[in-house]
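Below are the chains, spelled out letter by letter.
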Amino acid sequence: MAVRVIEVDDFDLVVFGGTGDLAHRKLLPALYHRDLDGQLPAGARIIVTSRREFTHDEYQAWAEGALGEHVKDLEPAAVKRFLARLTYIAIDVAAEAGWADLGKILNARPNVIRAFYLAVAPDFFGTICDGIGRHNLVTSKTRVVIEKPIGKDGKSAQALNETIGKVFKEHQIFRIDHYLGKETVQNLMALRFANALFEPLWNAAHIDHVQITVAESLGVGGRAGYYDTAGALRDMVQNHILQLLCLVAMEPPESMNADSVRDEKLKVLKALAPITPELAEKHIVRGQYKAGASDGGAVPGYLDELGRDDSLTETFVAIKAQIANWRWAGVPFYLRTGKRLATRVSEIVVQFRPIPHSIFGPEAGVISANRLIIRLQPDEGVKMQVMIKDPGPGGMRLRQVPLDMSFADAFKVRNPDAYERLIMDVIRGNQTLFMRRDEVDAAWAWVDPILEIWAAAKDQPKAYTSGTWGPSASIALIERDGRTWAEDGI
Ligand code: NAP
């Protein structure tokens, strides 16, 4: 099936942090793919900066290496065309040198869309916005992309948003959460709102509970220093997992207009039942991995990787969350994320209630309740578990089978990376899949009390062996409710 590609308007994209890991693994490959598919207009330029004193040719060679490493089946003519779009400028954002050169390049085309992508450590977000403002680089067609994390808590997030807000208006700020750019996540909206089938059942009367798992098999590795200041709650729950929860739980928005969607997500965040110290005790488990085995080999524990013998930082968290509104009252949302877990998987499981009465005798076997599984990674796809009759004349025996929609197989197209979609949305000025400031505030308002409870308790996270599904207390968390974590997946 051919993919429909609509060329975007002409633009200049400035990437701060153009020699970083994100640029190497994600941004350059994403932009190459969009160029390959004919989505970038002939004049579009990508201006890349960092402190490194690269010549133009040296940067092109570095970028070619990034494509070689992260893109399958490079097309030499397309690579050449893409590399010709790149311009490199050395700027230490904390100093003055280089900004004037950037201004000269940008001001040669004042009327095209201008996007600044801040692919640098969050400490620089304010400095860069300030530099962009001081050098008068903001035009009416300018946007800025902010990477996560946005703050360490509600207060620091507000301070950061204030700083960015001094230079950019809210409609120019694109707070990126790459989970929202995944095909499956957008398909969740298509499933819910482009089919009559699900929405009438999408409530407490028919859904027993929801599980959202973001499991990684890797440890913190070289990022231990940064990770120890964050932890799983800040790194994954405050942003990615709560955003997924919003898309599952929100009311149908009036339209796909950015503010309609974000208004509905905001209502969900505000309806999250606050976690009190008593609830935290029962409804939250936090863990820290110790040595074990992962991907077939022995791996060290978190503290060994950190090089310290004490840290209260959680590398795993499981939470039973509740949404206090009509649609979801009494439906638990079990959230869990962790590093060095048994496998790498991100998925949402919507568990429907059992049928009210069975007309089948015991010989038919167990009737399992329907389950909708939305898998984000690996192998994006959606699967619906339904009961059918076992084929053949052997009487009425029932079995559960998946109605499977693996997108890559179904459409025979390459599954685009989330960044491809999101960068093009930035150029198009479409904020639907980006977080609005009040969403960030509302997410922190729910997360902050949990951080405060942990800070006051000063207790050690529960140890779990690398390569397992986390502390046994997280199994107990759900099993106390007569449910289990779904580990059959797609
Ligand atoms: P990184 O590998 O450490 O890269 C940082 C970049 O910033 C480098 O290009 C570095 O280049 C540049 N830089 C550092 N100090 C600078 C200065 N004073 N002036 C100008 N440039 C400077 O970080 P990253 O992993 O790419 O992450 C970038 C951002 O994306 C972070 O906010 C991160 O949280 C977020 N993020 C990353 C990922 C990922 O997969 N990597 C995923 C989600 C979010 P020089 O040292 O050459 O100057």
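Source: prediction; values computed, not measured. (Residues numbered from 1 in each chain as written. Predicted model: local features only at pLDDT ≥ 70, side-chain atom pairs only at ≥ 80, totals over all residues. Heavy atoms only, no water.)

Thoughts on the UniProt feature "binding site: NADP(+)" (unreviewed entry) in the chain
Mapped onto this numbering, the UniProt entry annotates "binding site: NADP(+)" (unreviewed entry) at Arg-51, Asp-92, Val-93 and Lys-148. Relative to the elements of secondary structure, Asp-92 occurs in the loop between β3 (86–90) and α4 (99–107). On the basis of relative accessibility, which here comes to 33%, the residue Asp-92 falls in the partly exposed class. Non-local contacts of Asp-92, meaning those with residues more than four positions away in its chain, are made with Arg-51, Ala-97 and Trp-99. Tracing the backbone through its elements, the reader meets Val-93 in the loop between β3 and α4. Classification of Val-93 as buried rests on a relative accessible area of 11%. Apart from the residues within four sequence positions on either side, Val-93 is in contact with Phe-16, Trp-99, Phe-124, Thr-127 and Ile-128. (UniProt positions renumbered as here; feature names shortened; annotations may be inferred. Helix = DSSP H or I, 4+ residues; strand = E, 2+ residues; numbered from the N terminus. Buried < 20%, exposed > 50% of the residue type's maximum accessible area, 1.4 Å probe, protein only. Contact = heavy atoms within 4.5 Å.)

Here's the deal with the pairing of strand β15 (residues 381–389)
Across five bridges, the pairing between strand β14 (residues 371–377) and β15 is antiparallel. In the strand pairing of β15, Leu-372 is matched with Met-384. The loop that links β14 with its antiparallel partner β15 comprises three residues; one of these, Asp-379, has a positive phi angle of about 55°. For β15 and strand β16 (residues 398–406), the ladder comprises nine bridges, and the chain directions are antiparallel. Bridge assignment links Ile-388 to a residue of β16, and that residue is Arg-399. (Pairing = 2+ DSSP bridges.)

Description of the site of the ligand
Looking at the ligand, there are 22 residues lining it, with Thr-19, Asp-21, Leu-22, Arg-25 and Val-120 nearest. A distance of 2.5 Å separates an oxygen atom of the ligand from a polar atom in the side chain of Arg-25. Within the contact set of the ligand, a nitrogen atom lies 2.9 Å away from a backbone nitrogen or oxygen of Val-93. Out of a free accessible area of 880 Å², the ligand has 76% covered by protein chains. In terms of residue count, helix α1 (residues 21–36) provides more of the shell around the ligand than any other element does, three residues in total. Residues of the shell around the ligand, tallied by class, amount to ten nonpolar, five polar and seven charged. (Near = heavy atom within 4 Å. Polar contact = N/O pair within 3.5 Å; in protein donor to acceptor, adjacent residues only side chain to side chain. Areas by Shrake-Rupley, 256 points an atom, 1.4 Å probe, with all protein chains shown as cover. Nonpolar A, V, L, I, M, F, W, Y, C, P; charged D, E, K, R; others polar.)

Quick word on a nonpolar patch on the surface
Residues Ile-359, Phe-360 and Met-396 make up a contiguous nonpolar surface patch of about 300 Å² in total accessible area. Along the chain, the position of Phe-360 falls in the loop between β13 (345–352) and β14. The exposure class assigned to Phe-360 is partly exposed, which follows from its relative accessible area of 32%. (Patch = residues over 30% accessible without salt bridge, like charges linked within 9 Å, V, L, I, M, F, W, Y side chains within 5 Å. Salt bridge = Lys/Arg side-chain N within 4 Å of Asp/Glu carboxyl O.)

Some remarks on the sheet that holds strand β12 (residues 333–338)
The strand order β16-β15-β14-β13-β7-β12-β11-β8-β17 describes an open sheet built from nine strands, whose pairing is mixed. This sheet does not close on itself; its edge strands, each paired only once, are β16 and β17 (462–465). Each strand of the sheet is rotated relative to its neighbour by a mean of 20°, with strand direction disregarded. As defined by bridge partners, strand β8 (residues 284–290) adjoins strand β11 (residues 316–321) across four bridges and the pair is classed as antiparallel. Note that in β11 the partner of Gly-287 across the bridge is Phe-316. Its contacts with the sheet put helix α7 (residues 183–193) on β13, β14 and β15, and the angle it makes with β14 is roughly 150°. On top of the sheet, helix α9 (residues 232–249) reaches β7 (207–215), β11, β12, β13 and β14; it is set at about 145° to β12, its chief contact. (Axes fitted to C-alpha atoms, helices over the stretch in contact; angles between N-to-C directions.)

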